[in-house]
Every structure is written in structure tokens, then in C-alpha cells.
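Chain by chain, the residues run as shown.
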Amino acid sequence: MFGNYLIGLREGLEASLVVCILIAYLVKTGRRDALRPIWTGIAVAILLALGFGCALEFGSQEMTFEAQEALGGTLSIVAVGLVTWMVFWMRRTARHLKSELHGKLDAALAMGTGALVATAFLAVGREGLETALFVWASVHAASDGTPRPLIGVALGLLTAVLLGWLFYRGALRINLAKFFTWTGGMLVVVAAGVIAYGVHDLQEADWIPGLRNLAFDISGTIPPDSWYGTLLKGVFNFQPDPTVVQITVWALYLVPTLAIFLAPVGFASGKGKVKVPDEQGSRGSQPSKTS
């Protein structure tokens with residue numbers, strides 16, 4: 001449940017921040033007349049994401065077992081790819097997100113109502129589709145016959161909306177770069193479990209061999225129906241009897257991805273592109289030149 005809560009929180013907060021930035025900019029610049037098309041674009045994006053999620057859930061129920069496993073495994077891998085790209089992108093651009101959205105909104109204001117709707121739709125719609133796909137894949141992987149995964153996602157989204165509102169009201173201030181770094185790292189761990197489960201689905205669909213070749217089986221030590229087995233399943237998509245292929249894919253994804261993402265320098269952190277200390281130093285040195 002915690003893993004699904006994290007997904008809802010992380011993905012929902014990105015969308016909430018986008019909405020807050022767009023709305024706050026229009027209010028502060030005296031363009032309240034442009035709020036309606038912005039809200040229209042946001043509403044269409046949300047409906048599209050919900051429709052996409054429903055199509056995934058109910059459409060897959062009409063398939064054969066092998067087709068369901070093949071679809072679930074394929075979409076799980078696609079979802080992990082999208083989320084991996086998203087967490088790296090957000091870590092690089094979190095500190096510049098506000099100015100980037102302001103630039104797009106200025107261009108849309110000059111073009112008219114249709115451009116405003118499109119700007120809001122594209123800004124929120126991308127997050128919505130990514131969220132719907134990854135939530136579906138994660139719930140599919142962690143589902144234990146109870147509504148707990150969906151409850152976790154819903155609580156995460158509600159928390160994200162509350163945090164977004166507090167940001168807008170100025171009642172909450174946190175370091176977004178650090179927030180997205182740590183939540184992104186945890187999301188990579190969740191994604192590793194999702195991709196391992198997706199591989200298992202493809203093995204059950206006979207797309208990948210080795211279904212009977214288990215790496216280990218500790219079901220007796222960690223029963224799946226125990227409280228700690230359920231906790232590990234909900235947080236890490238832990239499976240007590242994974243195949244060799246699952247363990248291999250899990251390790252090949254998790255270790256290098258997490259190492260690169262948490263690297264203190266390089267493209268993962270975005271450092272080297274923003275030289276805040278240099279700018280502050282130059283500002284601090286200006287008075288000495290004039291004195």
C-alpha cells in the first residue's frame with residue numbers, strides 16, 4: 001500500500017505543482033479571464049487519464065489469460081520506462097519548472113483561448129497518462145484481492161492535492177529539488193519491483209522462458225499472506241519465489257538506475273548547468289568593486 005501511496009503522491013504532486021504555477025501566474029499578472037480555458041484544459045486532461053485507466057482495467061478483463069499476462073507484462077515494462085524517464089527529467093528541471101511553464105503560458109496567451117486550453121491539457125495530460133499507466137501496472141503487480149492498492153493511490157493523490165493547495169497559498173515551502181530526488185529514488189525501487197513482476201507476466205504468457213526456473217523459494221520463511229509478507233509486497237512488490245530471469249532483470253534495472261540517479265554530479269542531478277554559488281559569489285563581490 002505504501003508503494004502505491006508513493007506513486008499517487010509523487011505523480012499527483014507534479015500535476016498539482018503544474019496547475020498551481022499556471023493559476024498563480026495568471027492571477028498575479030491580472031489575467032483572470034484566462035482561467036476558464038486553463039481549467040477546461042485541465043479537466044479534459046483528467047478525464048482522458050481516467051478514461052485511459054478504465055480502458056486498461058476493463059479492456060484487459062475481456063482477454064484470455066495469456067493475452068492478459070502479455071498485455072500486463074508489456075505495459076508494466078513501458079510504464080517503468082516512462083517513469084524512469086520522468087524521475088530523471090524532473091530532477092534536472094525541478095528548479096526551472098516555474099520559468100519554463102511561464103514561458104509557455106506567455107506564448108499561449110498571445111495566441112488565444114485554444115492555445116491556453118492546449119497548454120494546460122498538454123502540461124497536465126502527460127502527467128495524467130503516465131500516472132494512469134504506472135498506477136495500473138503497480139496495482140496489477142501488487143494486487144492481493146483487496147482494495148488496499150487503490151486506497152493507497154487515492155490517499156497519495158489526495159495528499160498531493162492538499163500539498164499543491166498549500167503551495168499555492170504560500171503556507172508550505174520545501175526544497176522541491178530534494179523532495180523529487182528522494183521520492184524519485186524510492187520510486188525507482190518500486191519500479192524495479194514492477195518490472196520484475198512484468199517479466200513474470202511475460203513468462204506466464206510464454207513470451208519469455210524460465211517460468212519454472214526459480215532463483216529461490218522462501219515462501220515458508222516469508223508467507224505471502226503474513227503481515228510482513230504483505231508489507232514487503234505492498235512496498236517493494238516482493239515475491240518469495242522469483243525466477244532467475246526476474247531477479248536478473250530486477251538487479252540490472254535497480255542497481256545502475258539508482259546509482260546514476262543518486263549520483264552527486266552529472267546529468268542525473270543537473271549540477272553543472274546551474275551555477276548558483278557562482279552567481280551569488282559574483283553578486284557578493286560587486287560592492288567591493290564599487291567601494
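Colleague: Now, about the overall build of the chain: what can you tell me, with residues and values included?
Modeller: Assigned secondary structure in the chain consists of 10 helices and 0 strands. When the helices and strands of the chain are placed in sequence order, the string is α-α-α-α-α-α-α-α-α-α. Here the chain holds 291 residues, and the buried ones make up 44% of them. Per element, the accessible surface of the chain, about 15100 Å² overall, is 67% carbon and sulfur.

Colleague: Account for the environment of His 200, naming residues and giving values.
Modeller: Secondary-structure assignment places His 200 in helix H7 (residues 176-204). For the pair His 200 and Glu 69, spaced 131 residues apart in sequence, the C-alpha separation works out to 8.6 Å. When sequence neighbours within four positions are dropped, the list of residues in contact with His 200 reads Leu 211, Gln 239 and Gln 246.

Colleague: Give a detailed account of the packing of aromatic side chains, specifying residues and quantitative values.
Modeller: Within the structure shown, the criterion is met by 1 aromatic pair. Centre to centre, the rings of Phe 88 and Phe 261 are 5.3 Å apart; their planes meet at 90 degrees, and the pair counts as edge-to-face. With Phe 88 in helix H3 (residues 65-93) and Phe 261 in helix H9 (residues 244-261), the pair connects residues that are 173 residues apart, well separated along the chain. Judged by its relative accessible area of 10%, Phe 88 falls in the buried class.

Colleague: Give a description of the nonpolar core that names residues and reports values.
Modeller: Counting 27 residues, the largest nonpolar core has Val 80, Val 87, Phe 134, Leu 187 and Tyr 253 as its most contacted members. Residues within four places of Val 87 in sequence aside, it is in contact with Arg 10, Gly 184, Leu 187, Val 188 and Phe 261. With 21 residues, the next largest nonpolar core counts Val 18, Val 19, Ile 38 and Leu 101 among its residues.

Colleague: Quick rundown of helix H2 (residues 35-60)? Include the residues and the values.
Modeller: Compared with the 38 Å implied by 1.5 Å per residue over 26 residues, the 38 Å span of H2 between its first and last C-alpha is a close match. Burial in H2 covers these residues: Leu 35, Pro 37, Ile 38, Gly 41, Ile 42, Ala 45, Ala 49, Leu 56 and Ser 60.

Colleague: Which residues make up the side chain of Gln 239, and what are the values?
Modeller: For Gln 239, the location among the structural elements is in the loop between helix H8 (227-236) and H9. Separated by 3.0 Å, the side chains of Gln 239 and Gln 246 make a polar contact. What Gln 239 contacts, discounting residues up to four positions off in sequence, is His 200, Phe 216 and Gln 246.

Colleague: How would you summarise the confidence of the model for the chain if you had to cite specific residues and measurements?
Modeller: Model confidence for the chain is summarised by a mean pLDDT of 77, while 81% of its residues fall at 70 or above. Mean pLDDT in the chain bottoms out at helix H10 (residues 276-290), which sits at 42, and peaks at H9, which reaches 93. Under a pLDDT of 50 for its full length, residues 265-291 has, in the predicted model, 18 contacts with residues more than four places off or in other chains.

Colleague: Can you tell me about the layout of surface pockets, naming the residues and giving the values?
Modeller: Here the largest pocket is characterised by a volume of approximately 1400 Å³. In terms of lining residues, the largest pocket is bounded by 43 residues, among which Leu 50, Thr 131, Val 135, Val 153 and Leu 157 are the most central. When residues of the lining of the largest pocket are traced back to their parent elements, those giving at least two are helix H1 (2-28), H2, helix H5 (113-142) and helix H6 (148-169). Of the residues forming the lining of the largest pocket, the biggest block, 11 residues, is contributed by H2. Residues belonging to the lining of the largest pocket are distributed by class as follows: 27 nonpolar, 13 polar and 3 charged.

Reading guide: rules and limits
- Note on numbering: residues in each chain are counted from 1, in written sequence order.
- Given that this is a predicted model, residues contribute local features only at a pLDDT of at least 70 and side-chain atom pairs are listed and counted only at 80 or more, while totals for whole chains, interfaces and linings are drawn from all residues.
- Side-chain descriptors were evaluated using all non-hydrogen atoms of the structure, hydrogens and water having been removed beforehand.
- Elements are defined by DSSP. Helices are runs of H or I of four residues or more, strands are runs of E of two residues or more, and each kind is numbered from the N terminus.
- Buried residues are those whose accessible area, probed at 1.4 Å on protein chains only, stays under 20% of the maximum for their type, while exposed residues exceed 50% and partly exposed ones sit between those limits.
- Per-residue accessibility takes into account occlusion by the displayed protein chains alone, with areas from the Shrake-Rupley method and a 1.4 Å probe.
- Contacts were defined at the residue level, with two residues in contact if any of their heavy atoms lie within 4.5 Å.
- Whether two aromatic rings pair depends on their centres lying within 6.5 Å, for rings of Phe, Tyr and Trp, where Trp uses its six-membered ring; planes under 30 degrees apart make the pair stacked, over 60 edge-to-face, and the rest tilted.
- Residues enter a nonpolar core if they are buried and are Ala, Val, Leu, Ile, Met, Phe, Trp, Tyr or Cys, with the set joined through side-chain atoms within 4.5 Å.
- For a helix, the expected span equals 1.5 Å multiplied by the number of residues minus one.
- In the analysis that follows, any N or O atom pair within 3.5 Å is treated as a polar contact, provided that within protein one partner can donate a hydrogen and the other can accept it, and provided that, for residues neighboring in sequence, both atoms belong to side chains.
- Summary of the metric used: pLDDT quantifies the predictor's per-residue confidence within the range 0 to 100.
- Points on a 1 Å grid, built from protein atoms alone, make a cavity when a 1.4 Å probe fits but cannot get out and make a pocket when they are open with protein on both sides within 12 Å along at least 5 of 7 lines; residues with an atom within 4 Å of a point are the lining residues.
- Grid points are joined across faces, edges and corners, and a volume is the space filled by probe spheres set on the points.
- Residues are grouped as follows: nonpolar covers Ala, Val, Leu, Ile, Met, Phe, Trp, Tyr, Cys and Pro; charged covers Asp, Glu, Lys and Arg; every other residue, Gly included, is treated as polar.

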